[in-house]
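Okay, here's what each chain looks like letter by letter:
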Amino acid sequence: EKGRNWLLALWYFKQMQQGCIQPNLITISAVISACEKGERWLEALSLLSSCSLYGIQPDTIMHNAVISALEKGRQWQWVIEVMREATG
């Protein structure tokens with residue numbers, strides 16, 4: 001069950017967007033964390049990329065969760081890119 005929480009988190013995130021509710025650092029970070037736990041690296045990376053659309057500066061926790069998801073998916077090239085961005 002824990003591994004499927006990412007799907008519910010993404011659903012709520014999309015509902016927020018459709019309801020014209022502006023995501024913030026906490027909501028995006030929570031969805032990224034759920035994606036990381038569900039080993040959904042592509043969704044986590046996409047959410048990280050969407051931060052700029054909302055004027056959100058990703059923090060260390062967010063970067064670490066995305067890096068962890070990428071490691072689980074063996075996406076080493078993206079791990080390096082996200083680490084570069086995080087240390088920027």
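The rules we used
The residue numbering used here restarts from 1 in each chain and proceeds along that chain's sequence as written. Whole-chain, interface and lining totals are the exception, using all residues; otherwise, since this is a predicted model, local features are given only for residues with pLDDT of at least 70 and side-chain atom pairs are given and counted only at 80 or more. The side-chain figures draw on all heavy atoms in the structure; neither hydrogens nor water molecules are used. Every helix listed is a DSSP run of H or I at least four residues long, and every strand listed is a run of E at least two residues long, numbered separately from the N terminus. When a residue's accessible area, from a 1.4 Å probe over protein chains only, is under 20% of the maximum for its type it is buried; when over 50% it is exposed; and in between it is partly exposed. The contact criterion used throughout is that any non-hydrogen atoms of two residues lie within 4.5 Å. To measure how exposed things are, a 1.4 Å probe is used in the Shrake-Rupley method; for residues, cover is taken only from the protein chains shown. Positive charges are assigned to Lys and Arg, negative charges to Asp and Glu, while His and the chain termini are left out of the count. To locate a charge, take atom NZ for lysine, CZ for arginine, CG for aspartate or CD for glutamate. Stacked, tilted and edge-to-face are the three classes assigned to paired rings of Phe, Tyr and Trp, where Trp is represented by its six-membered ring and a pair needs centres within 6.5 Å; plane angles under 30 degrees give stacked, over 60 edge-to-face, the rest tilted.

> Got a sec to walk through the overall build of the protein chain? Specific residues and values, please.
When helices and strands are tallied, the protein chain shows 5 helices and 0 strands. The N-to-C order of helical and strand elements in the protein chain reads α-α-α-α-α. Counting only residues that meet the buried cut, the protein chain has 39% of its 88 residues in that class. If you take every contact in the protein chain between residues at least 6 apart in sequence, the share linking residues at least 24 apart comes to 57%. Total accessible area computed for the protein chain in this model is approximately 5,700 Å², and 56% of it derives from carbon and sulfur atoms. Here the protein chain contributes 8 positive and 8 negative side-chain charges, whose respective centroids are spaced 6 Å apart.

> Summarise the packing of aromatic side chains; cite the residues concerned and give the values.
The tally for this structure, following the rule as stated, stands at 2 aromatic pairs. Ring geometry for Trp-11 against Tyr-12: centres 5.0 Å apart, planes inclined by 75°, an arrangement best described as edge-to-face. A residue is classified by how much of its surface remains accessible, and Trp-11, at 46% relative accessible area, is partly exposed. Using a relative accessible area of 49% as the deciding quantity, one classes Tyr-12 as partly exposed. A ring pair is formed by Phe-13 and Tyr-54, whose centres lie 6.5 Å apart and whose planes are at 90°; its orientation type is edge-to-face.

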